[in-house]
Amino acid sequence: MIEAQLGVAPQPAPPVNRAHAAKVIVKLEVREVVKELADKVQYMFWTFGGNVPGPMIRVRKGDTVELHLMNHPDNAMPHNIDLHAVTGPGGGAASTFTAPGHQTQFTFTALNEGVYIYHCATAPVGMHIANGMYGLIVVEPESGYTVVDREYYVVQSEFYTHGAFREPGLQPFDMQRAINEDPAYVVFNGRDGALIGDRALPANVGEKVRLFLGNGGPNLISSFHVIGEIFDNVFPEGGTVANHQVQTTVIPAGGSAIVEFALQVPGTFILVDHSIFRAFNKGALGMLKVSGPENKQIYSGLEVDEVYLAERSAKATEALKGSKDGGDSLEARMARGKAVYMGTCSTCHQLEGQGLASVFPPLAKSDFLMADKQRSIHTVLAGLQGPVEVNGQTYNNVMPPLANFTDHEIADVLSFVRNSFGNQGEAVNDAEVAAVRAELKQPAAAGHP
Amino acid sequence: MAPVPGGSYAAFYPVKGEAPQPVAPFWLDLQPVTNAEFLAFVREHERWRRSRVPRLFAEAAYLSSWAGDLELGPDAEPAQPVTFVSWFAASAYCKSVGKRLPTEAEWELAANPASDDPLALDEIARRTLAFYARPRGKLPRAGDTPPNAHGLHDLHGVIWEWVADWNASLALADNRQDRDPENDAFCGGAAAGASDPESYATFMRFAFRGSLEATYALHHLGFRCARSTPP
Amino acid sequence: MIRRSALAVLVLGLTHACDAETEHAPEAHHVHREIAGGDMTGLSLYQLEGDWVAAGAESAPLASLRGSPVLLLLFYGTCDYACPLLVHDLQRVDGLLSATAREQVRFALVSFDPEHDTPERLAAYAREQGLAPPRWRLLHGSPEQVRELAATVGVRYRPTGTGQFSHTMRIVLLDRDGVPVQHWDGLERPLEPIAAAVTAVAETR
């Protein structure tokens, strides 16, 4: 007789590692407990073992499982359990109806291998499930699962509250929303943020990972995807037939899946329900943080970040074509600089240099622009971010570097703006731009796009 | 006590062929029986004291919130509803004061006054569900919640209450089989489905009754008494 | 359907009910309590008071069954489906008993429907079915008494309003002290185990 070692999510129960069937004792205690559903949001959860999801049970095909269900005396409700791995009336529910302060027991043989949901089936069943009473029982095949480096246990489910997503306070169950299948929360492992930040799932480059996935529902189907990864193996619905090279797999409500994938590069890989508003607006988002050496060939990271002019680039090129000659007089520079300005700078600073209130600072009569010529050259070459005060207003946006313009073009456009839109000041020459560029240790301009 | 008009009671889990039953007018306690009242009862009736009661009539948790046979102690205030009492004990108490337990039909009629106002019924459901969403704090004093249309307090969201015929509830342990009228767990058929599947508060009450045995003494289960004639 | 698969569990539940609570008491109850009882005699049905009357209208308190192994059945006279089958089961069990057991055992039948099943009607029923006293005892009590007796043995019943009742189909074995030792639910189950259990009680003094 063996007492089962249960797994508390996200940790799985350990592999069975046994060559023969055995009698296994499983003890589950039902607790009704108030916990956080999200930051500053509390909910009265009905749980197996004090957590949502309930613990993972892991046995071997052919095992005889003696299941004890205890209902804590402080609970107000009767409870029972239906395990989808059980062949028998109600999956055990008919034999485990337990009043608070009492316990029941029944025994079953795990006839079928697979990954199965268990849940409470006491009337009203929808409410018992909606309050968090579900978990997974894994029945390993006789030969066990192939060894992997890391296993995790993740269950998606919904919560139906009176209040909106992340509305603070103790939130009661909202029956009408549940009937309407309109959850406020769709989450992994029982709360918004269960697998985020310092609760993210750790792993390392080079590891093979297996996720035991469940969907407690009560209502929604999950379209499970890990951003940045492809599942090498999927056992859809927790069955025995493997699928391969899968991006997104469906987990039925009251169902399960196993996904396996190998990690080749480091980074944070986001687990989502790809019904995507659930991920960003209801909490169906988790993280797998993978550490280890980079592999630029598989994933290079950001290589280029430049301005893209789209249809304006044609105008700019044309304008420049017309102003190749003219020399370096202010007049010539103004003409050429205007072309550059209209083709590029006006996108943000607008056609009259007026900028966009609160977004892009004006160049027209700009105290910031005119106060420091060196700084204005630096700004065009290296970009500018962070708060700046222009004409008494604060702006905090990002000006991209325009280092791909030549020294000649930058001198032209700066000469233009410093003498337009109500500004009056010195022109800028090529050598001044070159000097700042050298200080910035930038390569010579490659030419504009 | 307050008078409750009679009426017709349609069972929540009727068996096949069961018609609504007429309920005669009756009288019901305004609030649950308190620790103080039950203490007076066990002072006079020794066999119902915690150390004396036969196991046939109450399980080991009987009056476990009290400090002793005749001592309430810090976990059982005199004005709080008495809990951890079995059905036998509750029946014996009511009999000792010339009353009886209400039947399920009487209790349900008293707790759900007929109303043309659907909002009033929604309000009861909402309050009950909100209660079950709150953490299990201390029991309020009996009579502390606002009275309903019959002037009765505490019928929803305070404690579960025994009824005389709690074992007439044939809700099955696994209620997903409820829709099967041929179910032969019971001669005569089990309940052919709940009459109002959207009434979650009522579901919970009937599920609770279905999980009981007469000897059970539970943390959130108490009672009040009824009479067929004026007190 | 609650049938064989539930039998073992229910038996387990019944015989372990008392001990299980005391075992788990320290964890389950955070308030201090004195553990009362635990001794088997506290479970005797003969602690129930009430004026029961037998089919022949003579007074027959439950305690008058003390000293015999008893098979108890709750039924009602106008039941046309399960009850006749259950009564028949009891008669067949009788036929399987050892001589010692047959001499000692008593069959107690209690009606859910005392209004209809008066002592006279019960006597007529007994005659029709061949249920002869003193071994067969058909008992009449008030509705409150019947509700109470049913509650002690976990039998649920409800009138359907047409004179019929929906009820748990259960046979209960009581030992000589009136303590329930085992019960069997439903129909169409093997009867040998029941006979064996009765014999076991009869043969222990």
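Predicted model only: the values in this text are computed from it and were never measured. (Residues numbered from 1 in each chain as written. Chains lettered and ligands numbered in written order. Predicted model: local features only at pLDDT ≥ 70, side-chain atom pairs only at ≥ 80, totals over all residues. Heavy atoms only, no water.)

K.L.:
So what exactly am I meant to see when it comes to the overall build of chain B here?
P.N.:
Scanning chain B for helices and strands turns up five helices and eight strands. Its helices and strands taken in sequence order, chain B reads β-β-β-β-α-α-α-α-β-β-α-β-β from the N to the C terminus. Here chain B holds 231 residues, and the buried ones make up 60% of them. Residue pairs in contact within chain B that sit at least 24 positions apart in sequence constitute 74% of those at least 6 positions apart. (Helix = DSSP H or I, 4+ residues; strand = E, 2+ residues; numbered from the N terminus. Buried < 20%, exposed > 50% of the residue type's maximum accessible area, 1.4 Å probe, protein only. Contact = heavy atoms within 4.5 Å.)

K.L.:
Explain the overall build of chain A here, please?
P.N.:
Per the secondary structure count, chain A includes nine helices and 23 strands. Relative to the globule expectation of 22 Å for 449 residues, the C-alpha radius of gyration of chain A, 32 Å, shows a markedly less compact shape. Taken along the three principal axes of its C-alpha coordinates, chain A extends 95 × 45 × 30 Å. In chain A, buried positions account for 52% of the 449 residues. (Rg over C-alpha atoms; globule rule 2.2 N^0.38 Å.)

K.L.:
Explain unusual backbone geometry here, please?
P.N.:
Among all residues save glycine, negative phi is the norm, and among peptide bonds the norm is trans. Residues and elements named next belong to chain A. For the bond from Ala9 to Pro10, the omega torsion is 5°, close enough to zero to count as cis. Position of Pro10 relative to the elements: it lies in the loop between strand E1 (2–3) and strand E2 (23–38). Despite not being glycine, Ser358 has its phi angle at roughly 70°, a positive value. On the basis of relative accessibility, which here comes to 63%, the residue Ser358 falls in the exposed class. Backbone geometry at Asn391 places phi at a positive 50°, although glycine is not the residue there. By relative accessible area, which is 35% here, Asn391 ends up partly exposed.

K.L.:
Would you mind showing me how to read the confidence of the model for chain A here?
P.N.:
In regions of low pLDDT, the predicted coordinates are not meant to be interpreted in detail. Summing up the model confidence of chain A, the mean pLDDT is 91 and the portion of residues at 70 or higher is 95%. Of all the helices and strands in chain A, helix H4 (residues 312–321) of chain A carries the lowest mean pLDDT, 64, while strand E10 (residues 150–159) of chain A carries the highest, 98. (pLDDT = per-residue confidence, 0-100.)

K.L.:
Quick question: what am I supposed to make of helix H8 (residues 407–417) of chain A here?
P.N.:
Within an α-helix, residues lying three or four positions from one another point in the same direction, as the helix has 3.6 residues per turn. For H8(A), a buried count of nine out of eleven residues is recorded, marking the element as mostly surrounded by other parts of the structure. Within H8(A) the residues assigned to the buried category are A:Glu409, A:Ile410, A:Ala411, A:Asp412, A:Val413, A:Leu414, A:Ser415, A:Phe416 and A:Val417.

K.L.:
Is there a simple way to explain the packing of helix H1 (residues 35–44) of chain B against helix H2 (residues 87–96) of chain B in this structure?
P.N.:
The relative placement of two packed helices comes down to the angle between their axes together with the axis-to-axis distance. Residues and elements named next belong to chain B. In the contact formed by H1 and H2, the axes pass within 11 Å of each other and the chain directions differ by 80°. In terms of orientation, H1 and H2 fall into the roughly perpendicular class. Along the contact surface, H1 presents Glu37, Phe38 and Phe41, while H2 presents Ala89, Ala92, Tyr93 and Ser96. Taken together, the residues of the contact of H1 with H2 sort by class into five nonpolar, one polar and one charged. (Axes fitted to C-alpha atoms, helices over the stretch in contact; angles between N-to-C directions. Parallel < 35°, antiparallel > 145°, perpendicular 65-115°, else oblique. Nonpolar A, V, L, I, M, F, W, Y, C, P; charged D, E, K, R; others polar.)

K.L.:
Mind showing me how you'd approach the sheet that holds strand E4 (residues 26–28) of chain B here?
P.N.:
Within a sheet, neighbouring strands are paired by backbone hydrogen bonds and run either parallel or antiparallel to one another. Residues and elements named next belong to chain B. Spatial strand order, E1-E4-E8: three strands in an open sheet with antiparallel pairing. Edge positions in the sheet fall to strand E1 (2–4) and strand E8 (226–227), since each of these pairs with one other strand and no more. In this sheet, E4 lies alongside E1 in antiparallel orientation, the contact comprising three bridges. Bridge pairing links Pro3 to Trp27 in E4. (Pairing = 2+ DSSP bridges.)

K.L.:
I tried to follow the state of the cysteines on my own but got confused; where do I start?
P.N.:
By definition, a disulfide links two cysteine residues through a covalent bond between their sulfur atoms. Under the counting rule described, the total for this entry stands at one disulfide over all chains. B:Cys94 shares a disulfide with B:Cys225; S-S distance 2.0 Å. What sets the handedness of the B:Cys94 and B:Cys225 disulfide is the S-S torsion sign, and at about -85° it is left-handed. Placement of B:Cys94 in helix H2 and of B:Cys225 in the loop between strand E7 (221–222) and E8 is noted, with a sequence separation of 131 residues between them. Classification of B:Cys94 by relative accessible area gives buried; the value is 0%. The closest cysteine sulfur to the non-disulfide-bonded A:Cys348 is located on A:Cys345, 8.9 Å from its own sulfur. Classification of A:Cys348 as partly exposed rests on a relative accessible area of 28%. (Disulfide = S-S within 2.5 Å.)

K.L.:
What should I look at first to understand helix H3 (residues 104–111) of chain B in this one?
P.N.:
Taking burial as the measure, the eight residues of H3(B) include eight buried ones, the bulk of the element. Buried residues of H3(B): B:Glu104, B:Ala105, B:Glu106, B:Trp107, B:Glu108, B:Leu109, B:Ala110 and B:Ala111, and no others.

K.L.:
I tried to follow the pattern of salt bridges on my own but got confused; where do I start?
P.N.:
Between side chains of opposite charge, pairing is possible as soon as their charged atoms come close. All names here are of chain A. Enumeration according to the criterion identifies 32 salt bridges over all chains in this entry. Here Glu140 and Arg58 are joined by a salt bridge, their closest N and O atoms 2.7 Å apart. With a gap of 82 residues between them, Glu140 in strand E9 (residues 134–140) and Arg58 in strand E4 (residues 57–60) connect regions that are remote in the sequence. With respect to burial, Glu140 and Arg58 carry one shared label: buried. Of the charged contacts in the structure, one is a salt bridge between Lys373 and Glu432, with a shortest N-O distance of 2.8 Å. In this pair, Lys373 sits in helix H7 (residues 373–382) while Glu432 sits in helix H9 (residues 430–439), placing the two residues 59 residues apart along the sequence. We classify Lys373 as buried; its relative accessible area is 15%. Each of Arg58, Glu140, Glu151, Arg210 and Glu260 takes part in a single network of salt bridges with overlapping partners. (Salt bridge = Lys/Arg side-chain N within 4 Å of Asp/Glu carboxyl O.)

K.L.:
I'm lost on the packing of H7(A) against H9(A) in this one. Help?
P.N.:
All names here are of chain A. The contact between H7 and H9 brings their axes to 10 Å, and the two run at 65°. Along this stretch, H7 crosses H9, giving a crossing that reads as right-handed. Mapping the contact onto sequence places Lys373, Gln374, Ile377, His378 and Leu381 in H7 and Glu432, Val433, Val436 and Arg437 in H9. Grouping the constituent residues of the contact of H7 with H9 by class yields four nonpolar, two polar and three charged. (Left-handed = near helix turned anticlockwise from the far one by under 90°.)

K.L.:
Would you mind going over the sheet that holds E9(A) with me for this structure?
P.N.:
All names here are of chain A. As summarised here, the arrangement of the four strands in space is E4-E9-E8-E6, forming an open sheet in which the pairing is mixed. Edge positions in the open sheet fall to E4 and strand E6 (82–83), since each of these has one partner strand only. Relative to E9, strand E8 (residues 114–119) runs antiparallel, the two sharing six bridges. Bridge assignment links Tyr116 to a residue of E9, and that residue is Ile137.

K.L.:
When you look at the pairing of strand E21 (residues 285–291) of chain A in this model, what are you seeing that I'm missing?
P.N.:
The side chains of a regular strand alternate, residue by residue, between the two faces of the sheet. Residues and elements named next belong to chain A. For E21, a buried count of five out of seven residues is recorded, marking the element as mostly surrounded by other parts of the structure. Bridging between strand E13 (residues 201–204) and E21 involves four bridges; their strand directions are parallel. From the neighbouring strand, Ala203 faces E21, where its bridge partner is Val290.

K.L.:
What exactly am I supposed to notice about the pairing of strand E4 (residues 136–140) of chain C here?
P.N.:
Residues and elements named next belong to chain C. For E4, a buried count of five out of five residues is recorded, marking the element as mostly surrounded by other parts of the structure. Burial along E4 is two-sided: the residues Trp136, Leu138 and His140 and Arg137 and Leu139 are all buried. Two elements, strand E3 (residues 106–111) and E4, share four bridges in a ladder whose sense is parallel. Across the sheet, Ala108 pairs through a bridge with Arg137, a residue of E4. Between the parallel elements E3 and E4, the chain passes through helix H4 (residues 119–129) in a crossover that is right-handed. (Right-handed = clockwise from strand over helix to strand, strands pointing away.)

K.L.:
Please explain the side chain of C:Asp175 as it appears in this structure.
P.N.:
Residue and element names in this part refer to chain C. With respect to the secondary-structure elements, Asp175 resides in the loop between strand E7 (170–174) and strand E8 (180–185). Put simply, Asp175 is tucked away with no salt bridge, and the nearest opposite charge, on Arg66, sits 7.7 Å away. A polar side-chain atom of Asp175 sits 2.8 Å from the main-chain amide nitrogen of Asp177. (Lys, Arg positive; Asp, Glu negative; His and termini not counted. Polar contact = N/O pair within 3.5 Å; in protein donor to acceptor, adjacent residues only side chain to side chain.)

K.L.:
Help me understand the packing of aromatic side chains in this model?
P.N.:
Centre-to-centre distance and the angle between the planes together describe a pair of aromatic rings. Residues and elements named next belong to chain B. Summed over all chains, the structure comprises 31 aromatic pairs over all chains. Here the aromatic rings of Phe38 and Phe223 are separated by 6.2 Å at their centres, their planes lie at 80°, and the arrangement is edge-to-face. Linking Phe38 in helix H1 with Phe223 in the loop between E7 and E8, this pair joins segments that are 185 residues apart in sequence. Residue classification places Phe38 among the buried residues on the basis of a relative accessible area of 0%. (Phe/Tyr/Trp six-rings, centres within 6.5 Å; stacked < 30°, edge-to-face > 60°.)

K.L.:
Is there a simple way to think about the environment of A:Leu285 in this case?
P.N.:
All names here are of chain A. As for its position among the elements, Leu285 is in strand E21. Counting along the chain gives 81 residues from Leu285 to Ser366, while the straight-line C-alpha distance between them is 45 Å. Excluding residues within four positions of it along the chain, Leu285 makes contact with Phe188, Ile196, Ile270, Leu271, Val272, Ala279 and Phe280.

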